[in-house]
Amino acid sequence: MEQNRRPKTILETCGEEIIRIVTPVSICMLLVVILVSVLNGGSSLDDGLSFATMATMAYSESSSDSIWDKIKGALLNSLVFVAVVTVATFLLVLLFYLNCTKFLKYYMGFSSLLVLGFMGGEIALFLIKVSNFPIDCFTFAVALYNFTVVGVVAVFISKMAIFVTQAYLVVIGMLVAYWFTLLPEWTTWGLLVAMSLYDLAAVLLPGGPLRLLVELAMARDEDIPALVYEARPVISDAGLGDGVVRRRVWREGRGDLDEDQRLRSDLVSDSSLRTYGESEREINIVDAEEGRALGRDSELAAPLIQHINIRMNSLENAVSGENLALEGIGLGSSGAIKLGLGDFIFYSVLVGRAAMYDFMTVYACYLAVIAGLGITLMLLAFYQKALPALPFSVLLGVLFYLLTRLLLETFVVQCSINLLMF
Amino acid sequence: MTVAAGIGYTLLALGPSLSLFVAVISRKPFLTLTLLSSTLVWLMSLIALSAVWRAFLPFKTATWWPYSLLILTSVALQEALRLFLWRVNKRMEEMLDAYADRVSKPRLYITDKMQIALAGGMGHGVAHAVFFCISLLTPAFGPATYYVEKCSKIPFFLVSSIMALAFVTIHTFSMVIAFNGYSEGNKKDQYFAPVVHLAAGVFTLINLASGGCVVGIPLLYVMAIVTLVHCGNTVWRRLTDNRSMETNLQ
């Protein structure tokens, strides 16, 4: 048929990297919205629950306060939170500077254990209670244990199946985001705005902790140990046959530091690659593919620089755990886009909070967040350096939430009630 | 309205769009991005309109002329938006063609351009369905349902999802016709989309009368079918012209 004879246009593959980041972000937001509507349906948590967290240390909101008190309280809470996060990030920079990478990796594993095991277990218990699901505690304990252990291993080891790692990162983001939505309303919004301003400052200002971290990592050419979502890189049609080659290149790019270095230097000097227990044939395919990637003058070729930025996200709950999360957008060594888990979390918190009001705000905020993400990705492609991923999305999201809640809702309801549409 | 009924109403309004999305748009990531951006643009136009009209709503009078003014201004704004979208689309096609030349791949085919127009139109349609119909469903879950006095034979949600289906069709395919008209310079096609949109909006005014939806909604579907048929004819004509041009060149 004519269609098969014609060569494929760029419309087939253009924009694929963006979709590979937008899809997991959307899935995380969808899961948080579902959790919020199932678990918080009916009761409002603004007055009842006053649990002590880092975020409500300064001021515990109750629904009987006046608007002005609430605003002041929210501001105070946000300032305290941002201060704690700044201190924690500087601590992280110090540890990274002193080469305590092992400690950071173990800490990452420990924090994902806490999130998956305790928070995940608690939310699973809520869900079981709401849905009257018949399960005994032994089965539940075994299932939770297995789920948590696989998750911790997926975060620790980079040679896990990429889909499993990505799925677990999305689940961790969802759990932490749901926890954040339990905070009082004004505090949540204040926190979101404060965190996006902090992100802007920390990444772009010369003395900002995240910028220092990125420069350190670049100078040493190392991977920062933190929770980062990496989308699968886009490899254009090399005619070598699909899935296997694609996987190989990704794994080589994301492997150990030494492997990475050696691969690159070997490609440049054209000497034979050492095997790491992998077959010769596979590495030759990788060699050919990488060589082609370097030689080809294509937009899809990998920039061999890593830019990442980090923010540490501290959350004190009853179990007093701390989470290490990563925020910001960068380009991975194989050209894949990396998005920090903190971004996932805050986007989902925004949309989850919107879900507590009405679903119209959810749709509007979703579109705003995706638009902000798209703008950030375009700027990333343009400037080719580490960028904060929070400011555009969160500020657009907050703006659209306010506009929808105050203006759009009345308009649409009035038109629909009268069966007037356009 | 029970959850099952809610899912039914959603599928009624968005079912064809969902199948179109899965079959055509999800295959090419660029089309998904086009859909998301055009949904956002339609939402922004809706917010702009609500910013203007919020002060006057809800209307105290029962006469029809404030509503017709509302419809007129809304349709006018959205058609101006369509013109703006065409300019943006043309710019983007040029950028894509330049990029294709750089990576030595073929330029955009005519089917590609039509698919982009389809994705843009579907963005508008999905935005309409989501904001006018689906977002009203979720607060209403529970054992009872809601009826409007002017159209009291069927539940309100069913009426609004039927209307949303018609509008989704109109928005999706009139964008293809409009972009085709702008690129060919065909005046008839260029005026088709605004006229059909305005007619559809005016037909919904008939719903203001008591029992008016019995007349208004079938008229709305007439417009939807007219749009579908005209779009099919236009696309067929364009493709056969193109094919005969290609065979002439070869």
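Reading the values: rules and limits
- Residues numbered from 1 in each chain as written.
- Chains lettered and ligands numbered in written order.
- Predicted model: local features only at pLDDT ≥ 70, side-chain atom pairs only at ≥ 80, totals over all residues.
- Heavy atoms only, no water.
- Helix = DSSP H or I, 4+ residues; strand = E, 2+ residues; numbered from the N terminus.
- Rg over C-alpha atoms; globule rule 2.2 N^0.38 Å.
- Buried < 20%, exposed > 50% of the residue type's maximum accessible area, 1.4 Å probe, protein only.
- Pairing = 2+ DSSP bridges.
- Contact = heavy atoms within 4.5 Å.
- Buried area = accessible area lost by both parts, 1.4 Å probe.
- Salt bridge = Lys/Arg side-chain N within 4 Å of Asp/Glu carboxyl O.
- Polar contact = N/O pair within 3.5 Å; in protein donor to acceptor, adjacent residues only side chain to side chain.
- Phe/Tyr/Trp six-rings, centres within 6.5 Å; stacked < 30°, edge-to-face > 60°.
- Lys NZ or Arg CZ within 6 Å of the ring centre and 35° of its normal.
- Expected span 1.5 Å × (residues − 1).
- Arc of directions from axis to C-beta.
- 1 Å grid on protein atoms, 1.4 Å probe; cavity = no way out; pocket = protein on both sides within 12 Å on 5 of 7 lines; lining within 4 Å.
- Points joined across faces, edges and corners; volume = space filled by probe spheres on them.
- Nonpolar A, V, L, I, M, F, W, Y, C, P; charged D, E, K, R; others polar.
- Axes fitted to C-alpha atoms, helices over the stretch in contact; angles between N-to-C directions.
- Left-handed = near helix turned anticlockwise from the far one by under 90°.
- UniProt positions renumbered as here; feature names shortened; annotations may be inferred.

A. Main features of the overall build of chain B. Looking only at helices and strands, chain B features seven helices and zero strands. If you list the helices and strands of chain B from N to C, you get α-α-α-α-α-α-α. Taken against the 2.2 N^0.38 rule, which gives 18 Å for 250 residues, the C-alpha radius of gyration of chain B at 20 Å falls within 12% of a compact globule. Considered along the principal axes of its C-alpha atoms, chain B spans approximately 65 × 40 × 30 Å.

B. Region of interest: the pairing of strand β3 (residues 337–340) of chain A. Residue and element names in this part refer to chain A. A two-sided burial pattern is seen for β3, the buried positions comprising Ile 337 and Leu 339 on one face and Lys 338 and Gly 340 on the other. Direction of pairing for strand β1 (residues 228–230) relative to β3: antiparallel, over a ladder of three bridges. For Tyr 229, the partnering residue across the bridge sits in β3 and is Leu 339.

C. Up close: the interface of chain B and chain A. The partner chain A presents 45 residues to the 67 residues of chain B that form the contact. Here chain B packs against chain A, burying approximately 5,000 Å² in sum over the two surfaces, 77% of which is carbon and sulfur. At the surface where chain B touches chain A, the tally comes to one salt bridge. In this structure, A:Glu12 and B:Lys28 form a salt bridge, with 3.4 Å as the shortest nitrogen-oxygen distance. At the junction of chain B and chain A, the tally comes to 10 residue pairs in polar contact (both at pLDDT 80 or more). Mapped onto the side of chain B that touches chain A, the elements with two or more residues apiece are α2 (29–53), α3 (65–102), α4 (110–132), α5 (156–184), α6 (187–205) and α7 (213–249) of chain B.

D. View of the pattern of salt bridges. All names here are of chain A. Taken as a whole and assessed by the stated rule, the structure comprises 12 salt bridges over all chains. Between Glu 230 and Lys 338 there is a salt bridge; the shortest N-O distance is 3.8 Å. Of the two residues, Glu 230 sits in strand β1 while Lys 338 sits in strand β3, which places them 108 residues apart along the sequence. Here the two residues Glu 230 and Lys 338 agree in accessibility, since each one is buried.

E. Up close: the packing of aromatic side chains. Inspection of the entire model under this criterion finds 20 aromatic pairs over all chains. Geometrically, the ring pair formed by A:Phe81 and A:Phe180 is edge-to-face, given 6.0 Å between the ring centres and 85° between the ring planes. Placement of A:Phe81 in helix α3 (residues 67–97) and of A:Phe180 in helix α6 (residues 162–181) is noted, with a sequence separation of 99 residues between them. The two residues A:Phe81 and A:Phe180 agree in class, both being buried. Seen in terms of ring centroids, A:Phe180 and A:Phe346 are 5.6 Å apart; in terms of plane orientation they differ by 45°. Their pairing is tilted. In this pair, A:Phe180 is assigned in helix α6 and A:Phe346 in helix α12 (residues 341–355), connecting sequence segments 166 residues apart. Of the two residues, A:Phe180 and A:Phe346, neither departs from the other in class, the shared state being buried. Ring-pair connections join several aromatic residues into one group, and the members of that group are A:Phe411, A:Phe422, B:Trp42 and B:Phe132. Geometry around A:Phe96 places A:Arg220 over its ring, the cationic atom sitting 5.2 Å from the centre. The positively charged end of A:Arg405 is found above the aromatic ring belonging to A:Tyr357, 4.0 Å away from the centroid.

F. Up close: helix α8 (residues 209–220) of chain A. All names here are of chain A. Taking 1.5 Å per residue as the helical rise, α8 with its 12 residues ought to reach 16 Å, and the 17 Å between its terminal C-alpha atoms agrees with that figure. Within the span of α8, buried status applies to Pro 209, Leu 210, Leu 213, Val 214, Leu 216 and Ala 217. For α8, the angular spread of buried residues about the axis comes to 160°, placing them on one side. Elements that come into contact with the buried residues of α8 comprise α3 and α7 (185–204). Positive backbone phi, approximately 60°, marks Asp 221, located one or two places after α8.

G. How the structure looks around the layout of surface pockets. Taken as a whole, the second largest pocket spans an internal volume of roughly 1,400 Å³. The wall of the second largest pocket is formed by 37 residues, among which A:Leu30, A:Tyr363, A:Tyr366, B:Leu14 and B:Val130 lie closest to the centre. Sorting elements by how many residues they give to the lining of the second largest pocket places helix α2 (residues 16–39) of chain A first, with 10 residues. The residue inventory of the lining of the second largest pocket, partitioned by class, reads 27 nonpolar, 10 polar and no charged.

H. Quick peek at α6(B). Residue and element names in this part refer to chain B. In a regular helix each residue adds 1.5 Å, so 19 residues correspond to 27 Å; α6 covers 28 Å between its end C-alpha atoms and thus fits that length. Within α6, the full set of buried residues consists of Asp 189, Gln 190, Phe 192, Ala 193, Val 196, His 197, Ala 199, Ala 200, Gly 201, Thr 204 and Leu 205. Along its buried surface, α6 packs onto α3, α5 and α7. For α6, the N-terminal capping position is held by Asn 186, with its side-chain oxygen 3.2 Å away from the main-chain nitrogen of Lys 188.

I. A look at the packing of helix α1 (residues 3–23) of chain B against α4(B). All names here are of chain B. Packing of α1 against α4 leaves a shortest axis separation of 11 Å and a crossing angle of 145°. Between α1 and α4 the crossing geometry is left-handed. Contact with α1, carried on its side by Leu 14, Ser 17, Leu 20 and Phe 21, involves Leu 118, Met 122, Val 126, Ala 129 and Val 130 of α4 and no other residues of that element. Split into classes, the residues belonging to the contact of α1 with α4 amount to eight nonpolar, one polar and no charged.

J. Local environment of the UniProt feature "transmembrane region" (unreviewed entry) in chain A. Residue and element names in this part refer to chain A. Per the UniProt record, "transmembrane region" (unreviewed entry) is found at residues 21–39, 74–98, 110–128, 140–157, 162–180, 186–205, 363–383 and 389–408. Between the C-alpha atoms that bound residues 140–157 the distance is 26 Å, and the span itself is 94% helix and 0% strand. What you have in residues 389–408 is 95% helix and 0% strand, and the ends, taken at the C-alpha atoms, are 27 Å apart.

K. How the structure looks around the environment of B:Thr234. Residues and elements named next belong to chain B. For Thr 234, the position within the fold is in helix α7. Its relative accessible area of 4% is what places Thr 234 among the buried residues. In the structure, Thr 234 is positioned 57 residues away from Ile 177 in sequence and 7.1 Å away in space, judged by C-alpha atoms.

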